Amino acid sequence: MNICIVGTGYVGLVSGTVFAHKGHNVICIDKEEDKIHMLKEGKMPIYEPDLEKMVVENYKAKRLKFSTDVGEGVRSSQIIVIAVGTPPSEDGRADLSHIEQVARQIARHINEYKIIVEKSTVPVQTGEKVQLTIQRNIKQEFEFDVVSNPEFLKEGAAIEDALHPDRIVVGTSSERARKVMQELYKDFGAPIIMTDVKSAEIIKHAANSFLACKISYINAVARICELAGANIMEVAEGMGLDRRIGRQFLNAGLGYGGSCFPKDIDAFERISQELGYDFRMLHEVQLINKEQRIHFLKKVEEELWILKGKVVGVLGLAFKPDTDDMREAPAITVIHELQKKGAIIKAYDPQAMHNAKNILEKVEYCQDPYAVAQGADCLIIATEWDEFKKLDLAKVKQLMNHPTIIDGRNIYDPVKMIEMGFNYRSVGR
Ligand code: NAD
């Protein structure tokens, strides 16, 4: 099949590459010329494990093309996938201006029957608006169908998730589009949920919000563990082995961040409100998430007392391991708050430092974790990269000005840390 992807970011580039890997002809479009130029040279604009190899392979095999020209992509493809960003606007609603712009652009170039696939995460009823926008802007009476096909990949494991999804959701009212989508996904080995456009849109928001609920729930339980003197890791294990609950997303820590959860939960709450339902539970989920960072900062202050002039080393900046994505990363709030109180910040992240430099100023970016530890009054673990789990902690201790570690991701064993002579605090233990 000939497929055009509009928006070559985390979702567009990964899903386009995976479709090419499956043997389809894919053209990935982006408005950012630099990004397209880099990709043509085999350089990745984002970090994602295994992505580069797969992009280069498929580009060389001419199954994967890159362009800034939406018209070229639309005219040459039967399926046009919209994968542009839907960032939060100031009032918390999803900003759908990129979607609208792309819908108008697509409409102008439709030259035969096309399937327009909404892959970006959007509030329910966006599909109807995309349909209307295309109808208003189409040049001739060509037929087209709008399909909702939300993406569930996780950054850090995006290729793996796109190749082996748990399920594929396809929302459409058109039998013709349904058949094409079934053909597109026939050898992904995952159940395909065929539904209507609105239900598909809600599945994505509801799934992300549910996962965020799990995170805030375990973080609230972690607070109770701290107050009562229990251990959240063992509590989570005991809960998670119940198959109705599951162990995933029961990791207490600094709370969720990233480009999806914060904005999607907010957008789901807003659209619910607009539709006439006050989804109070989501409000609490967001509140608990915010409080988790404030509570963590209190621990740093309790240990260091006066922050002015103290050197705080931050290990991990990305919102989660195995990505360079800094969007809504908890480390941003933590660092900003510490800086406000006069702390001197040193930091290291294996992949996210180039992005962090655009967001976090007055930070001494170090080449490795040991350089961060050198002379630090306190170390903070903000992202659970494997690299940090394997550190030579004796060396870290020796390098630090004072061996205090505040672990926001529970990566070390508290008993061992105390035996080693660290002043160690973590979350819910
Ligand atoms: P991104 O910011 O990484 O990529 C979006 C791309 O779209 C950018 O490269 C941007 O330049 C491009 N773009 C914007 N307007 C354009 C236009 N008019 N023409 C051509 N290109 C245009 O975003 P992302 O993380 O890939 O997310 C895309 C969508 O997928 C969002 O709705 C997001 O919520 C959803 N999603 C993201 C993830 C994730 O883990 N990142 C997972 C599932 C779903």
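Residues numbered from 1 in each chain as written. Predicted model: local features only at pLDDT ≥ 70, side-chain atom pairs only at ≥ 80, totals over all residues. Heavy atoms only, no water.

1. Observations regarding the packing of aromatic side chains
Alright, step 1. For the structure shown, the criterion picks out 10 aromatic pairs.
Alright, step 2. Their ring planes at 70° and their centres at 6.2 Å tell us that Phe-19 and Phe-188 sit as a pair that is edge-to-face. With Phe-19 in helix H1 (residues 10-21) and Phe-188 in the loop between helix H8 (175-184) and strand S8 (192-195), the pair connects residues that are 169 residues apart, well separated along the chain. Each member of the pair Phe-19 and Phe-188 is classed as buried. (Phe/Tyr/Trp six-rings, centres within 6.5 Å; stacked < 30°, edge-to-face > 60°. Helix = DSSP H or I, 4+ residues; strand = E, 2+ residues; numbered from the N terminus. Buried < 20%, exposed > 50% of the residue type's maximum accessible area, 1.4 Å probe, protein only.)

2. Some details on the site of the ligand
Alright, step 1. Looking at the ligand, there are 28 residues lining it, with Asp-30, Lys-35, Thr-86, Glu-155 and Lys-263 nearest.
Alright, step 2. In this structure, Thr-121 approaches the ligand through a main-chain N or O atom, which is 2.9 Å from an oxygen atom.
Alright, step 3. About the coverage of the ligand: the protein hides 92% of its 830 Å² of free accessible area.
Alright, step 4. Only H1 and helix H5 (97-109) provide two or more residues apiece to the shell around the ligand. (Near = heavy atom within 4 Å. Polar contact = N/O pair within 3.5 Å; in protein donor to acceptor, adjacent residues only side chain to side chain. Areas by Shrake-Rupley, 256 points an atom, 1.4 Å probe, with all protein chains shown as cover.)

3. Regarding the sheet that holds strand S14 (residues 423-425)
Alright, step 1. Taken in spatial order, the six strands line up as S11-S10-S9-S12-S13-S14 in an open sheet, and their pairing is parallel. Where the open sheet ends on each side, the last strands, each with one partner, are strand S11 (363-365) and S14. Geometrically, the sheet is characterised by an average inter-axis angle of 20° between neighbouring strands, direction not taken into account.
Alright, step 2. One ladder, built from three bridges, connects strand S10 (residues 344-348) with S11; its direction is parallel. Within S11, the residue paired with Ile-345 across the bridge is Val-363.
Alright, step 3. Its contacts with the sheet put helix H12 (residues 280-304) on strand S9 (311-315), strand S12 (378-381), strand S13 (404-407) and S14, and the angle it makes with S13 is roughly 170°. (Pairing = 2+ DSSP bridges. Axes fitted to C-alpha atoms, helices over the stretch in contact; angles between N-to-C directions. Contact = heavy atoms within 4.5 Å.)

4. Overview of unusual backbone geometry
Alright, step 1. Positive phi, close to 60°, is recorded for Trp-305, a residue that is not glycine.
Alright, step 2. On the secondary structure map, Trp-305 appears in the loop between H12 and S9.
Alright, step 3. Note on Trp-305: relative accessible area 69%, which makes it exposed.
Alright, step 4. Even without being a glycine, Asn-410 presents a positive backbone phi close to 55°.
Alright, step 5. Structurally, Asn-410 is set in the loop between S13 and helix H18 (414-419).
Alright, step 6. According to the relative accessible area criterion, Asn-410 is buried, its value standing at 7%.

Treat this as a map of the structure, not an account of what it does.
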